[in-house]
Amino acid sequence: MLSLLMLGAALQAQAANSPEYDKIIDAAKKEGRLIVYSTTDSKAAAPLIKDFSALYPGIKVEYNDMNSTEVYSRFISEVAAGGATADVMWSSAMDLQMRLASDGYALQYKSVEMPNMPAWATWNDMAYGTTFEPAAIVYNKRLLDAKEVPQTHVEFAKLIQQPKFKDKVTTYDIEKSGVGFMFMTQDARELASKFPELENAFGTAKVRVQSSTGTMMERISSGENLIGYNVLGSYALVRAKTDPSLGVVLPKDYTLILSRVLFINKGAKNVNAAKLWLDYLLSHRGQTVIANEARLFAIRADVTGETTSADLIKQIGKDNVKPVPVHPIVLQFLGPQKRMAFLKQWKETAGKN
């Protein structure tokens, strides 16, 4: 692990070894502070903050962990009021992040790590994907026979219509969770004409909705729920290694891939520290920490470790991996009329009791 970090540090130093970048570092040290609003659990972010602080001592990271809708709403309200707010926005709700970036809240900054990023994971030198996380089906291994476990989205829809799954299925509350809404709208695109079958199946099962992955996994592990849909796979795969009750399926027809989107606030007070944080998260060193300590699945193809995009692609199959692009195209369901129409349809079918 140490050798990987040393290599990563060397590569980052090589990429950023210029008088201009030295000025950014010096200015960031004078700022001495960085405010981050994020959906990433504090526990997962802790090794990143620790390593960043070791790399840039004297810059205090003030890390605020919230759910995806709170990250968005708090930032918007604070900017409107002209008060203090985040220097960096880092959220798993890709569509909400892209709305902010495309609406002019993001600083245009070309990271020195751009050449190492997948083309789909950056937009206009403003928004950057940082992770490679699958949407998974999670189930209780004690209470479901292995033969019952669905391997595709269509199989899942058929399974949960059985009487034994009534009140025993969970997924995100798509009204309150930005991540949940985005996943479900992406499913609507991928499944196309078969999506109504999934909605109706949720209605038959009287699906129980939650605002976080952690709550879903707790309920599945305890047996209160038998199976969960669109659970954030980065958290589920790690927990399943120590929780014998949890099984994880990465669907074989397609697996949606989420990438936590980061952008720098255009009005950031600590703009130089924000640039260092962005470059660090995308660097070989930062991505190695993401893969081996934060375990959020590194997006860079040249990173090795426990949770990486390369290993995930091998496991799922290249043709079945469906990354959600860091691009305004993800906003198609966020317009007021389309969002309300989608939620109305959801309530009338999947949300019926």
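Higher on the page you've got the structure.
About the thresholds
- Residues numbered from 1 in each chain as written.
- Predicted model: local features only at pLDDT ≥ 70, side-chain atom pairs only at ≥ 80, totals over all residues.
- Heavy atoms only, no water.
- Phe/Tyr/Trp six-rings, centres within 6.5 Å; stacked < 30°, edge-to-face > 60°.
- Helix = DSSP H or I, 4+ residues; strand = E, 2+ residues; numbered from the N terminus.
- Buried < 20%, exposed > 50% of the residue type's maximum accessible area, 1.4 Å probe, protein only.
- Lys NZ or Arg CZ within 6 Å of the ring centre and 35° of its normal.
- 1 Å grid on protein atoms, 1.4 Å probe; cavity = no way out; pocket = protein on both sides within 12 Å on 5 of 7 lines; lining within 4 Å.
- Points joined across faces, edges and corners; volume = space filled by probe spheres on them.
- Salt bridge = Lys/Arg side-chain N within 4 Å of Asp/Glu carboxyl O.

A.B. asks: Hey, could you go over the packing of aromatic side chains for me, with residue numbers and the actual values?
C.D. replies: This structure, assessed with the given rule, holds 15 aromatic pairs. Both rings, one in Phe 52 and one in Trp 277, keep their centres 5.2 Å apart while their planes meet at 80°; by these two values the pair is edge-to-face. Here the residue Phe 52 occupies a position in helix H3 (residues 42-55), and Trp 277 occupies one in helix H11 (residues 271-282), the gap between them amounting to 225 residues. Here Phe 52 matches Trp 277 in class, with each residue buried. Geometrically, the ring pair formed by Trp 277 and Tyr 280 is tilted, given 6.2 Å between the ring centres and 40° between the ring planes. Linking Trp 277 with Tyr 280, this pair stays in helix H11, spanning 3 residues, or about one helical turn. In this structure, Trp 277 and Tyr 280 share a single accessibility class: buried. A connected cluster of aromatic rings, assembled from ring pairs, spans Phe 52, Tyr 56, Trp 90, Trp 277 and Tyr 280. Sitting over the ring of Phe 181, Arg 339 keeps its end group 4.4 Å from the ring centre.

A.B. asks: Let's hear about the layout of surface pockets: which residues, and what values?
C.D. replies: Volume-wise, the largest pocket comes out at about 340 Å³. Lining the largest pocket are 14 residues, and of these Asp 41, Lys 43, Ala 44, Tyr 235 and Val 238 lie nearest its centre. Of all the secondary-structure elements, those providing two or more residues to the lining of the largest pocket are H3, helix H9 (213-222), helix H10 (233-240) and helix H12 (284-294). If one sorts the elements of the lining of the largest pocket by residue count, H10 sits on top with 4 residues.

A.B. asks: Summarise the pattern of salt bridges; cite the residues concerned and give the values.
C.D. replies: For the coordinates displayed, the defined rule picks out 13 salt bridges. Of the charged contacts, one joins Lys 23 and Glu 20 as a salt bridge, the two residues approaching to 3.5 Å between their closest N and O atoms. Of the two residues, Lys 23 and Glu 20 are both situated in helix H2 (residues 19-31); the distance of 3 residues between them amounts to about one turn of the helix. Each member of the pair Lys 23 and Glu 20 is classed as exposed.

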